[in-house]
Amino acid sequence: MLTSLQNPLVKQARKLHQSKGRRSEGLLLLEGTHLLEEACANSYQLETVFCTPHWQEKHPQLWEILSKQASRLELVSPKVLEAIATTVNPDGAIATAPRTTKDTLPITSLGLALETIQDPGNLGAIIRTAAATGVEGLWASNDSADLDHPKVLRASAGGWFKLAMGVSTDLQGQLRGYQQQGLQVVATVPDAGLNYWQIDLRKPSIILLGNEGAGLSPEAIELADQRISIPLSGGIESLNVAICAALILYEAQRQRQNN
């Protein structure tokens, strides 16, 4: 059993709390039983699984699956597990896994593009909704929260493993590429003349969402084929970006199911 915080494996796992560490190690952190179950269900490769003896005894079937899917399994003391975790009360199991990156995403029907989404909780919630509504792929600008931030993974509730995602250094260039392939880019703008249910989302579309405070950049708005808004009652300035994503994506699903 690992009991020392100075153990090299423990030190490596703790580096994954930070973006710099995840990039240098080429690994991400999966925290909690649910994420490990989702990783196994989606055949996602695991590097090292850390768990307490109590957790191992409580989850014998999952432990058996992990023993076949992970490169290494380590029993650790509760103190070590708490040090590896980014959460206050970890449930007993954490794994490291390889980071994945995508340079291209084959979006032909429905995709998401996110410009400067900075809150990991919002990003994770958007990923969860995107996976639930059949989005083919999601691009995040490189100044957004990390797609493999531990909080993003937790907030996605397993949707992270079901959605093709990539980080873009030239989001507008990639959007132009999709436009050339026949997809419409739909931008969310507070003062747009059309509400989100007034456009045809049955067409192949990329939904474009912007920063929590500043919204989309003028350049991104100018690029869009359609501009839509979500109506709000007086005195309310805006909705959470994850809520906006959910409303629009479920409207797209409604239109397509009724087509």
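That block above? That's the structure.
Residues numbered from 1 in each chain as written. Predicted model: local features only at pLDDT ≥ 70, side-chain atom pairs only at ≥ 80, totals over all residues. Heavy atoms only, no water.

Draft legend 1. Just the pattern of salt bridges, in detail. Inspection of every chain in the model, using the stated rule, returns twelve salt bridges. With its nearest N and O atoms 2.9 Å apart, the salt bridge here joins Arg 22 to Asp 146. One end of the pair, Arg 22, is in helix α2 (residues 19-25); the other, Asp 146, is in the loop between β6 (137-141) and α8 (150-155), with 124 residues separating them in the sequence. Here Arg 22 and Asp 146 have matching classes, each one buried. Across the salt bridge formed by Arg 23 and Asp 146, the nearest N and O atoms sit 3.3 Å from each other. Of this pair, Arg 23 sits in helix α2 while Asp 146 is found in the loop between β6 and α8, placing the two residues 123 residues apart along the sequence. Of the residues examined, Asp 146 reaches a relative accessible area of 15% and is grouped as buried. (Salt bridge = Lys/Arg side-chain N within 4 Å of Asp/Glu carboxyl O. Helix = DSSP H or I, 4+ residues; strand = E, 2+ residues; numbered from the N terminus. Buried < 20%, exposed > 50% of the residue type's maximum accessible area, 1.4 Å probe, protein only.)

Draft legend 2. Looking closely at the pairing of strand β2 (residues 46-51). Judged by how many residues are buried, β2 sits mostly within the fold: five of six residues are covered. Bridging between β2 and strand β3 (residues 70-75) involves five bridges; their strand directions are parallel. From the neighbouring strand, Phe 50 faces β3, where its bridge partner is Glu 74. (Pairing = 2+ DSSP bridges.)

Draft legend 3. Local environment of the nonpolar core. Within the largest apolar cluster, 52 residues are counted, with the highest numbers of intra-cluster contacts made by Leu 30, Leu 46, Ile 127, Leu 138, Trp 160, Ile 207 and Leu 209. Those residues in contact with Leu 209, other than ones at most four positions away along the chain, are Leu 112, Ala 113, Leu 114, Glu 115, Ile 117, Thr 188, Leu 216, Val 241, Cys 244, Ala 245 and Ile 248. In this structure, Ile 107, Trp 139, Leu 183 and Ile 206 belong to the second largest nonpolar core, which totals 19 residues. (Core = buried A, V, L, I, M, F, W, Y, C linked by side-chain atoms within 4.5 Å. Contact = heavy atoms within 4.5 Å.)

Draft legend 4. Broad picture of helix α3 (residues 33-41). Within α3, the full set of buried residues consists of Thr 33, Leu 35, Leu 36, Glu 38, Ala 39 and Cys 40. At the C-terminal side of α3, Ser 43 shows a positive phi close to 55°.

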